[in-house]
Amino acid sequence: MNSWKRPIAGLLLSLSLGLALEQPAWAQSQDSAESETATDDPAWPGSCDGNTLEMARCYVLYRESLVETESGLLDRLYQALARSGPPGTDYAAAAASLRAAEEHWQAYMRADCDIVDSVFGAGTALGLAGEDCVIRHYESRIEDLRGLESNYFQP
């Protein structure tokens, strides 16, 4: 199983066993915030405390907020590229390049984080190490997409 999928399996196991894991405080505050704000700028909890299942849940919740943020940024970029650009630009080609870049980035991220799976072995913290890898990639991707948006699509 890919390392970036292991915490989800752990969560499913904990739910099937009836273990109630409390939502981290940082995630609770995001739930109460407006969805655009919560997904547009997720805040890493700094450290996830508790047992391995609680830590895995914390990591997965944060990763999911990053996935939502990235998706929202991509949606805004695709909407901007759906318009006609200034003279001499080809927004349709740019949108196709962004789609290809996203597909390649996803493949790179999966392959890069699967290295952890192969090197780490079957240690008990394997899922956390894999999630940490995925989290770092999403944080970097979000920063890149925000730069693209602010440098080329802000009025």
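Structural data are supplied above this passage.
Parameters at a glance
Residues numbered from 1 in each chain as written. Predicted model: local features only at pLDDT ≥ 70, side-chain atom pairs only at ≥ 80, totals over all residues. Heavy atoms only, no water. Helix = DSSP H or I, 4+ residues; strand = E, 2+ residues; numbered from the N terminus. Buried < 20%, exposed > 50% of the residue type's maximum accessible area, 1.4 Å probe, protein only. Areas by Shrake-Rupley, 256 points an atom, 1.4 Å probe, with all protein chains shown as cover. Disulfide = S-S within 2.5 Å. Phe/Tyr/Trp six-rings, centres within 6.5 Å; stacked < 30°, edge-to-face > 60°. Lys NZ or Arg CZ within 6 Å of the ring centre and 35° of its normal. Salt bridge = Lys/Arg side-chain N within 4 Å of Asp/Glu carboxyl O. Core = buried A, V, L, I, M, F, W, Y, C linked by side-chain atoms within 4.5 Å.

Helix and strand content of the protein: six helices and zero strands. Secondary structure of the protein in N-to-C order comes out as α-α-α-α-α-α. Put simply, the protein has 155 residues, and 35% of those count as buried. Element-wise, carbon and sulfur atoms account for 54% of the exposed surface of the protein, whose accessible area totals about 9,000 Å².

What follows deals with the state of the cysteines. Enumeration according to the criterion identifies one disulfide in this entry. Here C113 pairs with C133 through a disulfide, and the sulfurs are 2.2 Å apart. Here the S-S torsion is close to -90 degrees, and the disulfide linking C113 with C133 is therefore left-handed. Of the two residues, C113 sits in helix α5 (residues 91-120) while C133 sits in helix α6 (residues 126-152), which places them 20 residues apart along the sequence. Judged by relative accessible area, which is 2%, C133 ranks as buried.

Centre-to-centre distance and the angle between the planes together describe a pair of aromatic rings. Taken as a whole, this structure holds two aromatic pairs when the rule is applied. Each ring, one from Y91 and one from F153, has its centre 5.8 Å from the other, and the planes form 75 degrees; the classification is edge-to-face. A residue pair is termed long-range when its members are at least 10 positions apart, and Y91 in helix α5 and F153 in the segment after α6 qualify at 62 residues. For the residue pair Y91 and F153, the accessibility class agrees, reading buried in each case. When the ring of W105 is compared with that of Y138, the centres are 5.0 Å apart and the planes differ by 75 degrees; the resulting orientation is edge-to-face. Of this pair, W105 sits in helix α5 while Y138 is found in helix α6, placing the two residues 33 residues apart along the sequence. Residue W105 shares its accessibility class with Y138, and that shared class is buried. Positioned above the aromatic ring of Y78 is the side chain of R99, whose terminal nitrogen or guanidinium carbon lies 4.6 Å from the ring centre.

This next bit is on the pattern of salt bridges. Think of it this way: side chains of opposite charge can pair up when their charged atoms draw near. Summed over all chains, the structure comprises five salt bridges. Salt-bridge contacts for E131 lead to R63; the nearest nitrogen and oxygen are separated by 2.8 Å. In this pair, E131 sits in helix α6 while R63 sits in helix α4 (residues 52-81), placing the two residues 68 residues apart along the sequence. With respect to burial, E131 and R63 carry one shared label: buried. What emerges from the salt-bridge pattern is a single network uniting E70, E102 and R141.

Moving on, we get to the nonpolar core. Of all hydrophobic cores here, the largest spans 26 residues; its most connected members are L66, L81, L98, M109, Y138, L145 and F153. It is α4 that contributes the most residues to this core, ten residues altogether.

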